[in-house]
Amino acid sequence: MSQQDAGEDNQLSREEQDAILKLQQDLLAAIARGDEPLALIDRLCLLEEQLVPGAVASAMRLSKHAGTLQVLAAPSIPDEAQARLQNLRPGPGAGSCGNAVFRGEPVFVANTFADPRWADLRSTAVDFNIRACWSMPIYGAGGKVIGSFALSSFAHREPGVFHRRLLEIGAHLIGILLERQAQDTQLRLAARLFETSEEGIVITDAQNRIQAVNPAFSRTTGYAADECLGRHPSMLSSGRHDKAFYQRLWGELMRNGHWQGEIWNRRKNGEIYPEWLVLSAIRDHSGQITQHVGIFSDLTEYHASQNRIRFLATHDVLTELPNRMLLEERCGQVVAWAHKAGHRVGLLFVDVEQPQTGQ
């Protein structure tokens, strides 16, 4: 707590301090339980309304793409009023919330009917009897403003120390909830992609011990997840690559943080197969490697189709016998070898003709 906060808290009555403490305890306990964020924000609004008679609470979130404010929670504000506030663009005349986000600082308006900061929302203030409005910016990761929390009063009045503390606490707790919601969404998306990806994915720790593999990894290699955990990816080694190959791979991974290329591995049943592998090193804030992530695609079918294309280009489609192109290719190889070795080459050409009937 800052010295300013401590000084302000000394101006609060014992009952006000107890009310603030209980509000914080109730909401933090609910956050720790993992209650749904939007339901918690609604609950926070209602709790603060109980502590400030004659006022309604609301939270708005800033859209990253549109740059406008959306009503996130306003349990006691009529739907018609909420509709007017939707897509509010922050600016000098956009009410207390629009100004709090626009300026990145608290905005306390005691008379919305006359204050120029409510010029764009004057009719809303009059129609719904919003006579005063106090708004606090909500901050997210990196100190960016991501929304606003407000208390709107049905009487013209300035906020007291108690009201400002309620606004600060509300904005802070909503910021925590929105960041947690964003992180949970990212984690769910990552988990969904991990499970449904057509590419095999393997995650190892800093010592290259396998921590997790996805279903596509198991389908490709034949190893179930519990057969891999704690082991090294070298369990898949085909033996086709020498030590120098892996030294170059790890050297590039350490220098650049990533490596990609074709590699041959071995399935559980012993079959050797080609794959296109992309490796990435995951580092913490201090730059230390904490994990490695490998994503690969099975190239077996691709290689088979390429080999088939090459075969059809050099063989007769019907008989699958070598054609003229293959003859020219092999002759060229032999001539080049003979030239390099100082030898001469002889070519015998036999024309097979079908005998004519009656002769």
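Rules of the game
Residues numbered from 1 in each chain as written. Predicted model: local features only at pLDDT ≥ 70, side-chain atom pairs only at ≥ 80, totals over all residues. Heavy atoms only, no water. Helix = DSSP H or I, 4+ residues; strand = E, 2+ residues; numbered from the N terminus. Contact = heavy atoms within 4.5 Å. Areas by Shrake-Rupley, 256 points an atom, 1.4 Å probe, with all protein chains shown as cover. Buried < 20%, exposed > 50% of the residue type's maximum accessible area, 1.4 Å probe, protein only. Pairing = 2+ DSSP bridges. Axes fitted to C-alpha atoms, helices over the stretch in contact; angles between N-to-C directions. Parallel < 35°, antiparallel > 145°, perpendicular 65-115°, else oblique. Nonpolar A, V, L, I, M, F, W, Y, C, P; charged D, E, K, R; others polar.

Caption draft 1: Structural context of the overall build of the protein. Regarding its fold elements, the protein presents 12 helices and 10 strands. In the protein, once contacts between residues fewer than 6 apart in sequence are set aside, the share between residues at least 24 apart is 47%. Split by element, the accessible area of the protein, about 21,400 Å² in all, is 54% carbon and sulfur.

Caption draft 2: Molecular detail of the pairing of strand β1 (residues 55-62). Buried residues dominate β1, accounting for 6 of its 8 residues. Looking at chain direction, β1 and strand β5 (residues 145-153) are connected through 7 bridges and run antiparallel. Pairing of Met60 across the sheet is with Ser148, part of β5. With 4 bridges connecting them, β1 and strand β2 (residues 69-73) associate as antiparallel partners. Bridge pairing in β2 links Arg61 to Gln70. Between β1 and β2, which pair antiparallel and follow one another directly, the connecting turn spans 6 residues, one of which, Gly67, has a positive phi of 70°.

Caption draft 3: Seen up close, the pairing of strand β7 (residues 210-213). Where strand β6 (residues 200-205) lies against β7, 3 bridges are found, and the strand directions are antiparallel. If you follow Ile203 over to β7, its bridge partner there is Ala212. Where β6 folds back on β7, the antiparallel hairpin that results is connected by 4 residues, among which Asn208 adopts a positive phi of roughly 65°.

Caption draft 4: Here's a closer look at the packing of helix α2 (residues 14-33) against helix α7 (residues 161-196). Where α2 contacts α7, the axes come no closer than 11 Å and their chain directions differ by 5°. Between α2 and α7, the angle is such that the two are roughly parallel. In this structure, α2 uses Glu16, Ala19, Ile20, Leu23, Gln24, Leu27, Leu28 and Ile31 to contact α7, whose residues at the interface are Phe162, Arg165, Leu166, Ile169, Leu173, Ile176, Leu177 and Arg180. For the contact of α2 with α7, the class distribution of residues is 12 nonpolar, 1 polar and 3 charged.

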